[in-house]
Amino acid sequence: MGANSSSISELPENEYLQKLSGSEPISENDPFWNQLLSFSFTTPTNSADLKLLEEATISVCKSLVEKNPRTGNLGSLIKVFLSRTKELKISAECQNHLFIWQAHNALFIICCLLKVFISRMSEEELQLHFTYEEKAGPSSCGAECEDLIEELLCCLIQLIVEIPLLYPCQHTDSNWWKWLCSWYRGRYSGGVTSALGDITYSISLEAVTTLIVFLSCQLFHKEILRESIIHRYLMHGRCLPYTSRLVKTLLYNFIRQERSPPPGTHVFQQQTDGGGLLYGIASGVATGLWTVFTLGGVGSKASAQLEQCSPLASQSLLLLLVLANLTDTPDTPNPYRQAIMSFKNTQDNTAFSSSNPHAFQINFNSLYTALCDQQKSDQATLLLYMLLHQNSNVRTYVLARTDIENLVLPILEILYHVEERNSHHVYMALIILLILTEDDGFNRSIHEVILKNITWYAERVLTEISLGSLLILVVIRTIQYNMTRTRDKYLHTNCLAALANMSAQFRSLHQYAAQRIISLFSLLSKKHNKVLEQATQSLRGSLGSNDSPLPDYAQDLNVIEEVIRMMLEIINSCLTNSLHHNPNLVYALLYKRDLFEQFRTHPSFQDIMQNIDLVISFFSSRLEQAGAELSVERVLEIIKQGAVALPKDRLRKFPELKFKYVEEEQPEEFFIPYVWSLVYNSAVALYWNPRDIQLFTMDSG
């Protein structure tokens, strides 16, 4: 850090910030704003720099909070920003490229100030600060002052949906952007991308970040916010008509994964003709006091993490998740969730429902590709969950894909590396599998997809295996991990439900998958016997003493027996519906036939054991008739022949195993803290003091 550290620490003494937060009102027309906003910087990204910037901002904010009721300088700054954004849309005679640069810088300062304000005051207090006016001129406070928050929020949304990333003319029909694009092409030999695209990327990112900051009041409340001033602005009034466009833009930002421009490339170079008086003044200021914001300048090296990702895509996804999980109001359902629930494929020509004004169309192929590519992050997995659970159009499209392995394999990797993932990420991955397995077509097709050389599966070399068998292996491994480590009943239930949904369509199970099914049953059987023995010993010991309470072995036994029952039903479902397709499962069943002996007469399992017992007896008899010393190949051949000969009417029919995922009541109690923990840990260029966070418990260290 070195010089960077000392430079940032000097911010509270910066003369421009001192004037902004001082006692003197500054009119929005004051030349001061040109000086304040004409700086060039690389936004800090690592946590150390962000923490320093936060600490420096706090001292400025304290002064501004104290003086703003008399000066109204916060409102003046916001009005200057709003005027700069409006000036972006003026006619061709303006021809001044400083507007977007200064708008970006104004927004950066506003975002830094707002973040501290929101962390240290209520929404009502924040709203008051937006109503204070500078007292230097005649008073004009009224509806305009009262709606300054709404005007700022609306402007941020407009920036996000209207500013293009690269080659603006190709991404929008807006006339003013077409003019701006052509004007830049005429003025810069380097083209639009270097001169305009990079700064528009930055201001788009800043607009998204500022919206996240506006909504961050939730971080500082333990309870879920069901009434919020900011929520009300976003879900009503002037912001509401932009709902579908905002959701669509955020999704496309995620889909495109545009890389961040190299640090410093958005800084405008001085033109050969001098650039005019305003540019000359701004350039002089930029090389002076405000260089403390460069944090190393254009030559500073971005972190390796940011070099590998798109900050705008990441930040847009976080904002989308936050918006989608805003709570409904008594009179208005969340419009952002409605938009996510109802958007359609661009190839879908059916009419939109009049009941949902927020529907739109998006390219499903591009969305699917992005979802497949980005599943290593919690937020991408959460987005996939939301789309599969809430949007029937997306779910139908995904289930119809012929390359479903591109989506399922990353999900299986998440579950396979369960030790390295947080529990919420594992839950989301598992629920996605459960939702997919509700579809019989999916359950059939995964056994037709043959995979080769699954390098991340370390327990055994898998040179060739079906996607279905691999899915079974990973889910069983997750169950076994849970049994020995976390012992989470919720995880068990969903794993078993996914296996149960698939069981009737098990096809050509890999021998290792078949072995693992029986091995899991063996593990459960041993655990059952151990708990039963502990319960018996405890009961004997208690006969001589009434002092100590008995451990609740009965409850443990009930849980284990429920799981054993489910495993028996899964095996039975496969044998009843597709025995002739699964000789390897019959082989594994016969090899471990002694495991099932103790459950034949158990009252909890007698009914379900009838079919399994019949299959074991039938095939054991045929093997005995074939003689001793049989090879594996010969045993499998006998099983295949016997599967044809076994009368199907001898197998008792049971109700089909079908489980459907249903969100629990008040899902926001789970999802809102989860989403904000992702924002806290993953947002680009945002730092909050962990001591201030109330919504969730911070991890130690």
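Model, not experiment: these values are computed from the prediction. (Residues numbered from 1 in each chain as written. Predicted model: local features only at pLDDT ≥ 70, side-chain atom pairs only at ≥ 80, totals over all residues. Heavy atoms only, no water.)

## Notes on the overall build of the protein
Thought 1: Within the protein one finds 32 helices and four strands.
Thought 2: Relative to its 701 residues, the protein shows a buried fraction of 56%.
Thought 3: The contacts of the protein with a sequence gap of at least 6 include a subset with a gap of at least 24, amounting to 77%. (Helix = DSSP H or I, 4+ residues; strand = E, 2+ residues; numbered from the N terminus. Buried < 20%, exposed > 50% of the residue type's maximum accessible area, 1.4 Å probe, protein only. Contact = heavy atoms within 4.5 Å.)

## Describing the nonpolar core
Thought 1: Core analysis: the largest hydrophobic core is formed by 223 residues, its most contacted members being Phe 81, Leu 470 and Phe 596.
Thought 2: For Phe 81, the contacting residues outside a window of four places in its chain are Ala 103, Ala 106, Leu 107, Ile 110, Leu 152, Cys 155, Leu 156 and Leu 159. (Core = buried A, V, L, I, M, F, W, Y, C linked by side-chain atoms within 4.5 Å.)

## A closer look at the packing of aromatic side chains
Thought 1: Under the counting rule described, the total for this entry stands at 20 aromatic pairs.
Thought 2: Relative to Tyr 397, the ring of Tyr 368 has its centre 6.3 Å away and its plane inclined at 75 degrees; by these criteria the two rings are edge-to-face. Of the two residues, Tyr 368 is situated in helix α19 (residues 364-373) and Tyr 397 in helix α21 (residues 392-400); the sequence distance between them amounts to 29 residues. The two residues Tyr 368 and Tyr 397 agree in class, both being buried.
Thought 3: Relative to Phe 599, the ring of Phe 521 has its centre 5.4 Å away and its plane inclined at 70 degrees; by these criteria the two rings are edge-to-face. Of this pair, Phe 521 sits in helix α27 (residues 511-542) while Phe 599 sits in the loop between α29 (583-591) and α30 (606-626), and the two are 78 residues apart along the sequence.
Thought 4: An aromatic cluster is built from Phe 343, Phe 360, Phe 364, Tyr 368 and Tyr 397, whose rings are joined through pairwise contacts.
Thought 5: Stacked on the ring of Phe 352, the Lys or Arg Lys 344 has its end atom at 4.3 Å from the ring centre.
Thought 6: One cation-aromatic arrangement involves Arg 477 over Tyr 416; the distance from NZ or CZ to the ring centre is 4.0 Å. (Phe/Tyr/Trp six-rings, centres within 6.5 Å; stacked < 30°, edge-to-face > 60°. Lys NZ or Arg CZ within 6 Å of the ring centre and 35° of its normal.)

## Examining the packing of helix α23 (residues 423-436) against helix α32 (residues 668-682)
Thought 1: In the contact formed by α23 and α32, the axes pass within 11 Å of each other and the chain directions differ by 120 degrees. As far as their axial angle goes, α32 and α23 are oblique. The handedness of the crossing between α23 and α32 comes out as left-handed. Here α23 contributes His 424, His 425 and Met 428 to the contact with α32, which in turn contributes Phe 670, Phe 671 and Tyr 674.
Thought 2: Partitioned by chemical class, the residues of the contact of α23 with α32 number four nonpolar, two polar and no charged. (Axes fitted to C-alpha atoms, helices over the stretch in contact; angles between N-to-C directions. Parallel < 35°, antiparallel > 145°, perpendicular 65-115°, else oblique. Left-handed = near helix turned anticlockwise from the far one by under 90°. Nonpolar A, V, L, I, M, F, W, Y, C, P; charged D, E, K, R; others polar.)

## A word on the environment of Glu 15
Thought 1: Topologically, Glu 15 is positioned in helix α2 (residues 15-20).
Thought 2: Residue Glu 15 is classed as partly exposed on the basis of its relative accessible area, which comes to 49%.
Thought 3: The spacing of Glu 15 and Leu 36 is 21 residues in sequence and 9.6 Å in space, taken between C-alpha atoms.

## Considerations on helix α18 (residues 335-342)
Thought 1: The element α18 is largely enclosed, with a buried count of six among its eight residues.
Thought 2: All buried positions along α18 are accounted for by Pro 335, Tyr 336, Arg 337, Ala 339, Ile 340 and Ser 342.
Thought 3: In this structure, the buried residues of α18 make contact with α13 (229-235), α14 (243-256), α17 (311-324), β1 (344-345), α20 (378-390) and α21.
Thought 4: With a side-chain oxygen positioned 2.8 Å from the backbone nitrogen of Tyr 336, the residue opening α18 is Asn 334. (Polar contact = N/O pair within 3.5 Å; in protein donor to acceptor, adjacent residues only side chain to side chain.)

## Remarks on the pattern of salt bridges
Thought 1: Counted according to the given criterion, the structure contains 16 salt bridges.
Thought 2: Residue Glu 669 pairs with Arg 226 through a salt bridge whose shortest N-O separation is 3.0 Å. A residue pair is termed long-range when its members are at least 10 positions apart, and Glu 669 in helix α32 and Arg 226 in the loop between α12 (191-215) and α13 qualify at 443 residues.
Thought 3: In this structure, Glu 597 engages Arg 600 in a salt bridge whose closest nitrogen and oxygen atoms are separated by 3.0 Å.
Thought 4: When its relative accessible area of 47% is taken as the criterion, Glu 597 is described as partly exposed.
Thought 5: Look at Arg 600 and you get partly exposed, because its relative accessible area is 36%.
Thought 6: The structure contains a network of salt bridges with shared partners spanning Arg 226, Glu 668 and Glu 669. (Salt bridge = Lys/Arg side-chain N within 4 Å of Asp/Glu carboxyl O.)

## A closer look at the packing of helix α9 (residues 148-162) against α14
Thought 1: Closest axis-to-axis distance for the α9/α14 pair is 9 Å, and the angle between their directions is 50 degrees. In terms of orientation, α9 lies oblique with respect to α14. The crossing of α9 and α14 is left-handed. Residues Ile 157, Ile 160, Val 161 and Glu 162 of α9 pack against Arg 245, Leu 246, Thr 249 and Leu 250 of α14.
Thought 2: A class-by-class count of the residues in the contact of α9 with α14 yields five nonpolar, one polar and two charged.

## Observations regarding helix α31 (residues 632-645)
Since there are 3.6 residues in each turn of an α-helix, residues three or four apart along the chain are aligned in direction.
Thought 1: Compared with an ideal rise of 1.5 Å per residue, which puts 14 residues at 20 Å, α31 spans 20 Å between its outermost C-alpha atoms and is within 8% of the ideal.
Thought 2: Among the residues of α31, those classed as buried are Val 635, Leu 636, Ile 638, Ile 639, Gly 642 and Ala 643. Considered in projection along α31, the buried side chains sweep an arc of 160 degrees and stay on one side of the axis. α31 presents Glu 633, Lys 640 and Val 644 as exposed residues on the side facing more than 90 degrees away from its buried surface. (Expected span 1.5 Å × (residues − 1). Arc of directions from axis to C-beta.)

## Here's the deal with the environment of Asp 556
Thought 1: Along the polypeptide, Asp 556 turns up in helix α28 (residues 553-578).
Thought 2: Residues Asp 556 and Leu 532, 24 residues apart in the sequence, show an inter-C-alpha distance of 9.3 Å.

## Details of unusual backbone geometry
Thought 1: Of note in the backbone geometry, Gln 257 takes a positive phi value of approximately 50 degrees without being a glycine.
Thought 2: Along the chain, Gln 257 falls in the loop between α14 and α15 (276-286).
Thought 3: Using a relative accessible area of 22% as the deciding quantity, one classes Gln 257 as partly exposed.
Thought 4: Of note, Asn 453 is a non-glycine position whose phi angle comes to about 55 degrees, a positive value.
Thought 5: By the element assignment, Asn 453 lies in the loop between β3 (450-452) and β4 (464-466).

## Things to note about the environment of Leu 575
Thought 1: Mapped onto the elements, Leu 575 comes out in helix α28.
Thought 2: Given the relative accessible area of 2%, Leu 575 is considered buried.
Thought 3: Distance from Leu 575 to Ile 612, taken between C-alpha atoms, is 7.7 Å for residues 37 residues apart in sequence.
Thought 4: Each residue touching Leu 575, except ones within four places of it in the same chain, is listed here: Leu 585, Val 586, Leu 589, Ile 612, Val 615 and Leu 651.

## Things to note about the confidence of the model for the protein
Thought 1: Overall, the predicted model of the protein reaches an average pLDDT of 82, with 80% of residues at or above 70.
Thought 2: Taken as a whole, residues 136-145 scores under 50 in pLDDT and shows 10 contacts with residues more than four places along the chain or in a different chain. (pLDDT = per-residue confidence, 0-100.)

## Describing the side chain of Ser 503
Thought 1: In this structure, Ser 503 sits in helix α26 (residues 489-503).
Thought 2: When its relative accessible area of 0% is taken as the criterion, Ser 503 is described as buried.
Thought 3: Polar side-chain contacts of Ser 503 include one of 2.7 Å to the backbone oxygen of Ala 500.
Thought 4: Residue contacts for Ser 503: discarding those within four places in its chain leaves Ile 570, Ser 573, Cys 574, Ser 578 and Leu 657.

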